[in-house]
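Overview (structure and organization)
Now for the letters of each chain:
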Amino acid sequence: MAPPTLKYFNLRGRGEVIRLLFAYKGVEYNEEEIDYQAMKSASGSEEFPFGQAPVLVDGDLHLAQMDTILRYLAREHGLYGSNNREKALIDMVLGGVESIRGDYGDLIYKGELKDDAKKEYATVHFAAESVTTRNGGAHFQYLENFLKRHNDGAGWAVGDSLTIADIHLFDIVDLHLREQLFPQEVKDKFPLLVAHHDRVAKEANIAAYLSSDKRPSQVNGVAGRG
Ligand SMILES: N[C@@H](CCC(=O)N[C@@H](CS)C(=O)NCC(=O)O)C(=O)O
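Reading guide: rules and limits
Residues numbered from 1 in each chain as written. Predicted model: local features only at pLDDT ≥ 70, side-chain atom pairs only at ≥ 80, totals over all residues. Heavy atoms only, no water. UniProt positions renumbered as here; feature names shortened; annotations may be inferred. Helix = DSSP H or I, 4+ residues; strand = E, 2+ residues; numbered from the N terminus. Axes fitted to C-alpha atoms, helices over the stretch in contact; angles between N-to-C directions. Parallel < 35°, antiparallel > 145°, perpendicular 65-115°, else oblique. Left-handed = near helix turned anticlockwise from the far one by under 90°. Contact = heavy atoms within 4.5 Å. Nonpolar A, V, L, I, M, F, W, Y, C, P; charged D, E, K, R; others polar. Salt bridge = Lys/Arg side-chain N within 4 Å of Asp/Glu carboxyl O. Buried < 20%, exposed > 50% of the residue type's maximum accessible area, 1.4 Å probe, protein only. Near = heavy atom within 4 Å. Polar contact = N/O pair within 3.5 Å; in protein donor to acceptor, adjacent residues only side chain to side chain. Areas by Shrake-Rupley, 256 points an atom, 1.4 Å probe, with all protein chains shown as cover. Core = buried A, V, L, I, M, F, W, Y, C linked by side-chain atoms within 4.5 Å. Domains from an automatic or database assignment. Phe/Tyr/Trp six-rings, centres within 6.5 Å; stacked < 30°, edge-to-face > 60°. Lys NZ or Arg CZ within 6 Å of the ring centre and 35° of its normal.

Here, UniProt's "domain: GST C-terminal" (unreviewed entry) annotation points to residues 83-222. Between the first and last C-alpha atoms of residues 83-222 the distance is 40 Å; the span itself is 62% helix and 0% strand.

So this is what it looks like as structure tokens:
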């Protein structure tokens, strides 16, 4: 069968965790850059089931939704834990990261990464006081604590080998460690997440991808904003 094709934009965004999985497992795949208007015209079709990207095409299967694609590939390539308990814990991490990713998207697109939006974001998602207040279930301390509870933060997030939970954690921390975001806050407050991020980045295939020109330089849909 032909290699799968990732249809996305030429940016990291919601395509990056999928690229990281392919890189880690050394899977051959194609990339097809999407034309936004063409995607919108085909919204709701088999080709673009939700009028959004990423979409993975594998044979006659067209899959939308980043985490659905990731789970599908993880099942194919052995990155989804070794039993039901591990799969459930992996799903929990994916859900927790998604809660942060949604707010991160608002910070970039609605808050335009302006100082007041960044300040509020940091208060809700990084500050010790907001761990026990309303934050939409999205606080980095929860992810830090999760790592601490599993292998005392010294290994992988779930079980004893790298899974898609690790790829997701890596990506969300990587986004926030960037210069324009919150590098110092994250380093100061969440040492286990940062150590885990560095551990994933050192995996040979991941390290090779991160330094390759296959990795898009643009991060979000708005050039120059983070
Ligand atoms: N829940 C979807 C969200 C996908 C999404 O927001 N995609 C954005 C790009 S990152 C998009 O296609 N936006 C265009 C639009 O909504 O018109 C997922 O996880 O894949």
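This is not the end of the story, as more comes after the structure.
For any two helices packed against each other, the geometry is given by the interaxial angle and the distance between the axes. Close contact between helix H3 (residues 66-77) and helix H4 (residues 84-110) brings their axes to 11 Å; oriented N to C, the two are set at 155 degrees. When the axes of H3 and H4 are compared, the pair comes out roughly antiparallel. Considering the relative orientation of H3 and H4, their crossing is right-handed. When H3 is examined against H4, the residues Met66, Asp67 and Arg71 are found in contact with a partner set consisting of Asp91, Leu94, Glu98 and Arg101. Class assignment of the residues belonging to the contact of H3 with H4 gives a composition of two nonpolar, no polar and five charged.

This paragraph deals with the pattern of salt bridges. For the coordinates displayed, the defined rule picks out 11 salt bridges. Glu16 is the salt-bridge partner of Arg19, the closest N and O atoms lying 3.0 Å from each other. On the criterion of helical spacing, the pair formed by Arg19 and Glu16 is a turn pair, its members being three residues apart in helix H1 (residues 16-25). Of the charged contacts in the structure, one is a salt bridge between Arg215 and Asp174, with a shortest N-O distance of 3.1 Å. Of this pair, Arg215 sits in the segment after helix H10 (204-210) while Asp174 sits in helix H7 (residues 164-176), and the two are 41 residues apart along the sequence. Among the residues examined, Arg215 registers a relative accessible area of 13% and is labelled buried. The exposure class assigned to Asp174 is buried, which follows from its relative accessible area of 15%. Counted as one network, the salt bridges with shared partners bring together Glu16, Arg19, Glu31, Asp174 and Arg215.

Glancing now at the site of the ligand. Near the ligand you find Tyr8, Phe9, Arg14, Tyr36, Met39, Lys40, Gln52, Ala53, Pro54, Gln65 and Met66, and these make up its full shell. At a separation of 2.7 Å, an oxygen atom of the ligand approaches a polar side-chain atom of Lys40. One nitrogen or oxygen atom from the side chain of Gln52 is found 2.8 Å from an oxygen atom belonging to the ligand. Alone, the ligand offers 510 Å² of accessible surface; in the complex the protein occludes 73% of this. Broken down by element, the residue count for the shell around the ligand peaks at three residues, all from helix H2 (residues 36-41).

With that settled, consider the UniProt feature "domain: GST N-terminal" (unreviewed entry) in the protein chain. Under the local residue numbering, the UniProt record ascribes the feature "domain: GST N-terminal" (unreviewed entry) to residues 2-81. Regarding residues 2-81, the helix share stands at 35% and the strand share at 20%, and the terminal C-alpha atoms are separated by 27 Å.

Turning our attention to the nonpolar core. Grouped together as the largest cluster of nonpolar side chains are 73 residues, with contacts concentrated most on Leu21 and Ile164. When residues in this core are grouped by element, the largest group, nine residues, is from H4. Of the residues that make up this core, three or more belong to each of domain 1 (5-78) and domain 2 (84-203). Contacts of Leu21, omitting those with residues within four sequence positions, involve Leu70, Leu73, Ala74, His77, Leu79, Ile164 and Ile167.

Here we come to the packing of aromatic side chains. Evaluation of the coordinates by the stated rule reveals eight aromatic pairs. Taken together, a centroid distance of 5.2 Å and an interplanar angle of 55 degrees make the contact between Tyr8 and Phe9 tilted. Residue Tyr8 is classed as buried on the basis of its relative accessible area, which comes to 6%. With a centroid separation of 4.2 Å and an interplanar angle of 15 degrees, the aromatic rings of Phe22 and Tyr29 are classed as stacked. Classification of Phe22 as buried rests on a relative accessible area of 0%. Ring pairs connect the aromatic residues Tyr121, Phe126, Phe140, Phe182 and Phe190, which therefore count as one cluster. Looking at Lys87, its charged tip hangs above the ring of Tyr80, at a distance of 5.3 Å from the centre. Here Lys118 stacks its cationic end above the ring of Phe182, 5.3 Å away from the centre of that ring.

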